[in-house]
Amino acid sequence: MTMRLVLDWDGTVTVADTMDLIVREFGDAELVDRFSDSFVDDSQPLPVTLQHVIESELATVATPLEEVVAWLLERVELRPGFVELARRERLLLLSSNVRQLIEPVLDHFGIEADLVANDLVSDGRSGWRIEIGGELCPACGERCKRQKLPPGEVVYVGNGYSDRCSALASARVFARCGLARYLDAIGAPYEPFGDFHQIAAALERPL
Ligand SMILES: [Zn+2]
């Protein structure tokens with residue numbers, strides 16, 4: 001049976017975390033520093049929920065979506081090998097960012113993929129409001145991405161805090177940065193990766 005390939009978006013498919021970039025440029029950069037991966041303890045949960053972090057960071061952005069997307073498209077860089085991989089098989093992107101900031105990037109690069117993400121409800125002057133869907137996870141207590149994984153066995157690719165719970169529920173994991181340090185800290189298996197050419201090559205070999 002082939003396993004479904006599920007990829008985190010920010011810092012995994014994209015070279016830089018696009019939500020961080022946007023909040024630094026249009027919102028409160030200090031908030032990003034406070035909750036960034038380099039600040040978060042590699043093995044401990046955040047002192048607040050991830051939902052709270054995302055909601056409060058985007059609430060500091062008061063620029064119209066259209067303007068933010070135009071700015072993003074001039075800067076966003078995708079990790080090498082992703083476009084090729086997305087042409088070879090139907091990928092599932094699973095992100096805690098909002099789909100309104102991901103779909104324009106996919107269109108820009110001519111990529112078709114399935115996308116599960118949160119929703120931007122309002123981009124008004126009083127700050128962006130988002131809706132985080134999904135069930136509360138019995139494992140971590142958040143509306144985490146594990147609850148949104150497809151049925152069956154999954155190969156998961158991620159880099160950060162929001163990937164922790166889903167990585168633990170996946171049959172095979174490719175990890176970098178904070179997610180790799182977390183999995184090291186708890187002694188869970190994963191394969192490190194630098195780009196998607198390496199992942200494509202590794203997938204040719206059984207685990
Ligand atoms: Zn969870």
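As a starting point, this report considers the structure included with it. Source: prediction; values computed, not measured. (Residues numbered from 1 in each chain as written. Predicted model: local features only at pLDDT ≥ 70, side-chain atom pairs only at ≥ 80, totals over all residues. Heavy atoms only, no water.)

A closer look at the sheet that holds strand β1 (residues 4–7)
Neighbouring strands of a sheet are bound in pairs by backbone hydrogen bonds; such pairs are parallel or else antiparallel. Pairing within the open sheet is mixed, and its seven strands lie in the order β4-β3-β2-β1-β5-β6-β7. The strands lining the two open edges of the sheet, one partner per strand, are β4 (129–131) and β7 (191–192). Pairing between strand β2 (residues 92–98) and strand β3 (residues 114–122): four bridges, direction parallel. Bridging from a neighbouring strand, leucine 93 pairs with leucine 115 of β3. (Pairing = 2+ DSSP bridges. Helix = DSSP H or I, 4+ residues; strand = E, 2+ residues; numbered from the N terminus.)

Looking at the pairing of β1
Here β1 pairs with strand β5 (residues 154–158) via four bridges, running parallel. Counterpart to leucine 5 in the pairing with β5 is valine 155. Looking at chain direction, β1 and β2 are connected through two bridges and run parallel. Bridge assignment links leucine 7 to a residue of β2, and that residue is leucine 93.

So, the coordination of the zinc ion
Summarising the metal site, the zinc ion is bound by the protein donors Cys137 (SG), Cys140 (SG), Cys144 (SG) and Cys165 (SG), whose distances to it range over 2.2 to 2.4 Å. Every donor counted, the four donor atoms about the zinc ion form angles of 105 to 115° at the centre, which fits tetrahedral coordination. Donor residues binding the zinc ion come from one chain and are separated in sequence as C-x2-C-x3-C-x20-C. Of the two residues, cysteine 137 and cysteine 144, neither departs from the other in class, the shared state being buried. (Donors = N, O, S within 2.8 Å, 3.2 Å for Na, K, Ca; no water. Tetrahedral: all angles 85-135°; square planar, octahedral: opposite > 155°, others 65-115°. Buried < 20%, exposed > 50% of the residue type's maximum accessible area, 1.4 Å probe, protein only.)

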